[in-house]
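Observations on the three-dimensional arrangement
As a plain string of letters, each chain reads:
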Amino acid sequence: MTRLIHRPSGIGHPYAASADQRVPVHPAIGTSVTLGVVLEDAPETARVTCEWDDGAETVVLEATPGSASPADAAALAGGDGHLAEAQAGQLEADGAWHVQSPVLEAGRRVRYRFLAEDASTEWFEVSAGEWTTTAPSAGADITVGGVPASEHPLVDAESVQWWTDADAARRVRFSFVLDASEHVVGFGERFDAVDQRGRRLDAVVFEQYKSQGATGRTYLPMPFAHVVGGEGWGFHVRTSRRTWYDVGASTPDRLVIEALLGKQPALDVAVYSGTPAEVLRAFGDEVGRAEELPDWVLRLWASGNEWNSQQLVMEQMDAHRDLEVPVGAVVIEAWSDEEGITIFRDAQYEITADGAPHTGADFTYPADGAWPDPKGMIDELHARGVKVILWQIPLLKTEHDLGTSVPSDAQVLQDGRAMAAAGHAVREADGSPYHNRGWWFPQSLMADLSTEEGREWWTAHRQYLVEDLDVDGFKTDGGEHAWGDELRYADGRRGDEGNNLNAVHYARAFGDLLRRNGKAPVTFSRAGFTGSQAHGIHWAGDENSTWEAFRWSMNAGITASACGIVYWGWDLAGFSGPVPGPELYLRGVAAATFCPIMQYHSEFNHHKRPLRDRTPWYVAEAHDDPHVVEVFREYVQLRERLVPYLAEQAGRAIATGTPLMRGLFVDHAHDETIWEHADQYQLGDDLLIHPVTEEGASTWTTYLPAGDWVDAWTGELAAGTVHGEGLLVTREVPREVIPVYVRAAAWPELASVFAPAQAS
């Protein structure tokens, strides 16, 4: 029987339309819409029509084969590779048809439906809207800094507008006035630039697979920013719904904020005044600050997706030991059955038909399996001083992506049924379980972690990993998989309000699991939103091994830190694509040494040669350059000596709100010259870092703000050309050297960190 599928919002992809979607979802007065529909099980001779009823007459519109949105879906995914290809498959569809509607008139609600063969869709309604200065209702309100927006001195009083159609107020917008001297930094983790002035962007959690800097999209957005210069101030749009920003791109002296509204047409915006540190402190007081983590998180983290057996993990850890490269933590990604992400691959156990959690005693591990003795492995690593982090994703596979070879009573399927029955799965508007619409783990069930009950249900299935096996933390990967404004959460939120908060709840769930077992809440997250400040560690996500991506990642660290993320790192020199050359790799190693978190990681290549490992010995082997290992060792040993300073400065950052990894604008907001050097940052109070991010560079010029600075590698007082309020200093930068300058007053205490380098 023919089946017709039309969803006004499609799959909910924030940047692309699917074949069954209405485009635009909310049209403007005087425009038409493109209506997409997908036919399933229809004969080749099928004819599709659309009945369009505007209340005065009903017309029949002929549909045309083809997608309503022929956008390049793979390009929208960002970069190349399997995830881009998978997204293309999600956005394209066989049996796609579309029709162009008549022009929509003001105040008229239209209904429509599709018909084909012996099937029809339900009736859908649409009305056209427009921007207006008239509030949609008596209760409609925009407050800025505690007063009506039109009364706030930073707001253009004439800019307040509402997008309203015949059904509801959908959006609101207004403008802050920007002075010519002001720069705008924040909006969460941003890859494209530190200063967002002159750019357009939005705040929606999204899995941009690579090339984030080219698209302006991010895993970790926030509706918060600093306005630096002049008196100094910042703002926080107090919403978890999607927001948009035009930061002087259309009108140079206006920062336009647009926000999606809920049923109640209201928006509240906080305004904070003062220096960047004062603004961030006030923001942190409101949304939460990081919890101080143990010193071991500040040591080297090692990881590789090829490390999918106990033997491979221990071989890599043996290599670190034998080459005198100290490791603080190993992240084991490919440890599980890749279904429910709770059980080591090849483990033997009795299935719990009711989806009840297992304990450590329930499992046996075959001697010839991938993980013959997980507990013994973890104990051995702990004896060596290495902590163990296990990978997670907040999804449960279903029959769709397990295939017919998996028995119907498989543990992951039992868990999924139990989760849905208990109300701990995210749901569609009709109450049925939501199946992931994204391209990674497609059609999987998604855990609803919006309530304490849901978080405890989910983490109870991982309890034995901490209690019995003594795991030290979790890589809380993913978190971007909720698409659709109509979804339903157990805390009462709809998707438009709840989707961005998934990553926050996710990290919190695993942090609480670790706390309940007497462990520090060490989570390692890619996605986040406002509130993520209080939950563990974050890294910059998937990126290529290119110089361009290196520069983007440094922007990401500076901007994430400006929004209160204290513990931040990146996959040094990139995680995707061919193994980076020695120059890029060592430049990345040097930069990562002076980031809050130092870690390397690499993507899976199915154990095919050439491998993708980012271990220093494999990079050395791949490029026949043994010097790579020597330099890597020296930097990691330096990092070990740097840990006490980093721990002290992290504690200070948490206590005061001042970022640990901070752009020069934080401490030198009134020095206009710093904006010419936005790629530099301080690491704590006393170190100034300037990563070398250009291939083939032999010299590198750094701006040193007012004060006395010591070159960390020579121990000499830096001297250069007076520029602005500080100095321009140029030094030679062979591939093993990153410019690092130490505040002169702190040099006596920090000299020993760099002493071996000076001696050599």
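The preceding data block contains the structure.
Reading the values: rules and limits
- Residues numbered from 1 in each chain as written.
- Predicted model: local features only at pLDDT ≥ 70, side-chain atom pairs only at ≥ 80, totals over all residues.
- Heavy atoms only, no water.
- Helix = DSSP H or I, 4+ residues; strand = E, 2+ residues; numbered from the N terminus.
- Buried < 20%, exposed > 50% of the residue type's maximum accessible area, 1.4 Å probe, protein only.
- Contact = heavy atoms within 4.5 Å.
- Pairing = 2+ DSSP bridges.
- Salt bridge = Lys/Arg side-chain N within 4 Å of Asp/Glu carboxyl O.
- Axes fitted to C-alpha atoms, helices over the stretch in contact; angles between N-to-C directions.
- Parallel < 35°, antiparallel > 145°, perpendicular 65-115°, else oblique.
- Nonpolar A, V, L, I, M, F, W, Y, C, P; charged D, E, K, R; others polar.
- Disulfide = S-S within 2.5 Å.
- Expected span 1.5 Å × (residues − 1).
- 1 Å grid on protein atoms, 1.4 Å probe; cavity = no way out; pocket = protein on both sides within 12 Å on 5 of 7 lines; lining within 4 Å.
- Points joined across faces, edges and corners; volume = space filled by probe spheres on them.

Focus: the environment of N499
- Tracing the backbone through its elements, the reader meets N499 in the loop between helix 11 (495–498) and helix 12 (502–516).
- Using a relative accessible area of 12% as the deciding quantity, one classes N499 as buried.
- The spatial distance from the C-alpha of N499 to the C-alpha of R641 is 41 Å, given a sequence separation of 142 residues.
- Non-local contacts of N499, meaning those with residues more than four positions away in its chain, are made with A482, W483, G484, L487 and Y489.

Considering the sheet that holds strand 29 (residues 524–525)
- One open sheet holds the three strands; their spatial order is 29-30-31, and the pairing between them is parallel. The strands lining the two open edges of the sheet, one partner per strand, are strand 29 and strand 31 (568–569).
- As defined by bridge partners, strand 29 adjoins strand 30 (residues 537–539) across two bridges and the pair is classed as parallel. Bridged to F524 within strand 30 is I537.

What about the pattern of salt bridges?
- If you walk through the whole model with that rule in mind, you get 53 salt bridges.
- Residues E62 and R47 are paired through a salt bridge, measuring 2.3 Å at the closest nitrogen-oxygen approach. Within this pair, whereas E62 is found in strand 5 (residues 58–62), its partner R47 is found in the loop between strand 3 (34–40) and strand 4 (48–53), the two being separated by 15 residues in sequence.
- Since its relative accessible area comes to 45%, E62 is described here as partly exposed.
- In this structure, D165 engages R170 in a salt bridge whose closest nitrogen and oxygen atoms are separated by 2.9 Å.
- Exposure remark for D165: the relative accessible area of 10% places this residue in the buried category.
- One connected set of salt bridges, linked through shared partners, spans R241, D491, R493, R494, D496 and E497.

Examining the packing of helix 14 (residues 582–593) against helix 16 (residues 627–656)
- Remark: helix 14 packs on helix 16, axes separated minimally by 10 Å, with the N-to-C direction vectors making an angle of 5°. Relative to helix 16, the element helix 14 is oriented roughly parallel. Touching P582, Y585, L586, V589, A590, A592 and T593 of helix 14 are V628, V631, F632, Y635, L638, R639 and L642, all from helix 16.
- Residue classes in the contact of helix 14 with helix 16 are distributed as 12 nonpolar, one polar and one charged.

Section: the state of the cysteines
- Overall, the coordinates contain zero disulfides when judged by the stated rule.
- Just so you know, C563 is unpaired, no disulfide at all, and the nearest cysteine sulfur is the one on C595, 16 Å from it.
- A relative accessible area of 0% means that C563 is categorised as buried.

Things to note about helix 13 (residues 547–562)
- Taking 1.5 Å per residue as the helical rise, helix 13 with its 16 residues ought to reach 22 Å, and the 23 Å between its terminal C-alpha atoms agrees with that figure.
- Note on helix 13: the residue one or two positions beyond its end, G564, has a positive phi of about 100°.

Points about empty space enclosed by the protein
- Counting across every chain of the model gives eight cavities of 30 Å³ or more.
- For the lining of the largest cavity, the leading source of residues is helix 4 (residues 276–287), giving three residues.
- A breakdown of the residues in the lining of the largest cavity according to their chemical character gives 11 nonpolar, seven polar and one charged.

Some details on helix 9 (residues 452–460)
- Taken as a whole, helix 9 has its buried residues at G454, R455, W457, W458 and T459.
- Turning to helix 9, the residues buried within the fold contact strand 26 (395–396), helix 8 (411–421), helix 10 (463–467) and helix 12.

Overview of the sheet that holds strand 34 (residues 681–683)
- Pairing is antiparallel across the open sheet formed by five strands, whose spatial order is 33-34-35-40-37. Bordering the open sheet on either side are strand 33 (661–663) and strand 37 (709–711), each of which pairs with just one other strand. Direction aside, the axes of adjacent strands within the sheet are offset by 30° on average.
- Where strand 37 meets strand 40 (residues 740–743), three bridges bridge the pair, whose relative direction is antiparallel. Bridged to V710 within strand 40 is V742.
- Lying on the sheet, helix 13 is in contact with strand 33 and strand 34; it crosses strand 33 at an angle near 95°.

What about the pairing of strand 3?
- Across the seven residues that make up strand 3, a large majority, six, are buried.
- As judged from the three bridges shared by strand 1 (residues 3–5) and strand 3, these two strands associate in the antiparallel manner. In the strand pairing of strand 3, I5 is matched with V38.
- Where strand 2 (residues 22–23) meets strand 3, two bridges bridge the pair, whose relative direction is antiparallel.

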